[in-house]
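The residues making up each chain are set out below.
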Amino acid sequence: MAKRAKARLVDVARDAGVSPATVSRAMAQPDLLTPDTLARVHESARKLGYRPDGMARALASGRTMTIGAIVPTLDSTIFARVLQAMQSALAREGYQLLVASHEMNPAAETEAVRTLLTRGVDGLMLVGAERSQDAAMLLRTAGVPVVLSWVGTSDCAAVTVDNRLAGHLAARHLIGLGHRRIGMVVGHLPFNDRQQARLAGARQALHEAGLDLPGALVSEQGLTMAGGRAGCARLLELGEPPSAIIGGIDLFAIGCIQEAQSRGIAVPEALSVVGIDDIEMSAHITPALTTVMIPTARIGQLCAATLLAEIKGERRHEQTELPIELVVRQSTAAGR
């Protein structure tokens, strides 16, 4: 049986009664055509089984139909959820997401920016506003839309949350329960403006209540549940341990609960714990975690929408701050 010849662009043009240039525009720049013409071209392409060559389409449109995303780590429920939301939104518009991570290493982030730009991505998403001078220069001269997430700057688009408020809400909740000696487990602070802001917000709330959060009550750890356990262990072994602990991320807080329970310390009766993020697991552990909700999926959706809008020339440097809120569950109780 003879193999059916692959449909060509000129075949679609002939069937639809338009020029080859019009078919090319229908695939690369559909906004330039009337709805009737676009519908005829798409119907002919469907009938003939025509599939535009990706490289040809990229050359015609000046786009590669790819978006780059650079996150601190791929070993994270938080960033996985953001990337999934971005990918879903981008796929609906025919884009693919290229992902890189830097493991909190400024030089690695710079190299990731350089590599993705070399691959011709049509836009970039990065986490936070703090980065090396080399990376900042690459972004300024990239010639493609850039959106920052969680923390932003005024010179490019951003989808952010108030990380300082997140720390403030967590600490104020514990203060309201009567806790006076509060500790905090945070990520390593260099090159992490999200954790810096959450710590600053907690300190501000304590200061407003006439209390403080000295360095001895702050433990910097890697962004894992094991880091939460290690940070909790250090705080509990102090001569005067805290009656409550804030986790700079939910994984820290969950690790704190596990460490406390392994030592026979009841949560929340003897130790209250608050997290920040509201990952899915937080509602299903025992006790369920009190936390500050960060809308991670929405961050991903809006990062994708913002980049697509800038690519189309519809917006520029749009700043969006998403609301956050305290979610009270069973891991906090009155201070002792």
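For the structure, see preceding data.
Rules used in this analysis
- Residues numbered from 1 in each chain as written.
- Predicted model: local features only at pLDDT ≥ 70, side-chain atom pairs only at ≥ 80, totals over all residues.
- Heavy atoms only, no water.
- Pairing = 2+ DSSP bridges.
- Helix = DSSP H or I, 4+ residues; strand = E, 2+ residues; numbered from the N terminus.
- Axes fitted to C-alpha atoms, helices over the stretch in contact; angles between N-to-C directions.
- Expected span 1.5 Å × (residues − 1).
- Buried < 20%, exposed > 50% of the residue type's maximum accessible area, 1.4 Å probe, protein only.
- Arc of directions from axis to C-beta.
- Polar contact = N/O pair within 3.5 Å; in protein donor to acceptor, adjacent residues only side chain to side chain.
- Contact = heavy atoms within 4.5 Å.
- Phe/Tyr/Trp six-rings, centres within 6.5 Å; stacked < 30°, edge-to-face > 60°.

Engineer: Quick question: what am I supposed to make of the sheet that holds strand β4 (residues 146–150) here?
Structural biologist: Backbone hydrogen bonds are what pair the strands of a sheet, in a parallel or an antiparallel way. Across the sheet, which stays open at both edges, the 6 strands sit in the order β2-β1-β3-β4-β5-β11 with parallel pairing between neighbours. Whereas interior strands pair on both sides, the edge strands pair on one side only; in this sheet they are β2 (96–101) and β11 (319–321). Across this sheet, the average inter-strand angle for adjacent strands is 15°, counted without regard to direction.

Engineer: Quick question: what am I supposed to make of helix α6 (residues 106–118) here?
Structural biologist: The α-helix winds at 3.6 residues per turn, so residues separated by three or four positions along the chain end up facing the same way. The terminal C-alpha atoms of α6 lie 18 Å apart, and with 13 residues this matches the ideal 18 Å at 1.5 Å per residue to within 8%. By the burial criterion, the buried members of α6 are Glu 109, Thr 110, Ala 112, Val 113 and Leu 116. One face of α6 carries all of its buried residues, which in axial projection span an arc of 160°. Along α6, the residues that are exposed and aim more than 90 degrees away from the buried face are Ala 107 and Thr 118. Two to three positions downstream of the cap, the backbone nitrogen of Ala 107 sits 2.9 Å from a side-chain oxygen, assigning the N-cap of α6 to Asn 105. One or two positions beyond α6, positive phi appears at Gly 120, with a value near 80°.

Engineer: Where do I start with the sheet that holds strand β6 (residues 182–187) in this structure?
Structural biologist: Strand order in the open sheet formed by 6 strands is β7-β6-β8-β9-β10-β12, and the pairing between neighbours is mixed. Two strands lie at the open edges of the sheet, namely β7 (218–221) and β12 (325–327), each paired on one side alone. The mean angle between the axes of side-by-side strands here comes to 20°, regardless of whether they run parallel or antiparallel. Packing against the sheet, helix α9 (residues 193–208) makes contact with β6, β7, β8 (244–247) and β9 (272–277), and its axis sits at approximately 170° to β6.

Engineer: I'm lost on the packing of aromatic side chains in this one. Help?
Structural biologist: Here a ring pair, both rings aromatic, is described through the centre-centre distance and the interplanar angle of the planes. Applying the stated rule across the entire model yields 1 aromatic pair. Between Phe 79 and Trp 150 the ring centres are 5.3 Å apart and the planes differ by 75°, which places this aromatic pair in the edge-to-face class. One end of the pair, Phe 79, is in helix α5 (residues 77–91); the other, Trp 150, is in strand β4, with 71 residues separating them in the sequence. Judged by its relative accessible area of 9%, Phe 79 is buried. On the basis of relative accessibility, which here comes to 3%, the residue Trp 150 falls in the buried class.

Just geometry here; none of it tells us what the structure is for.
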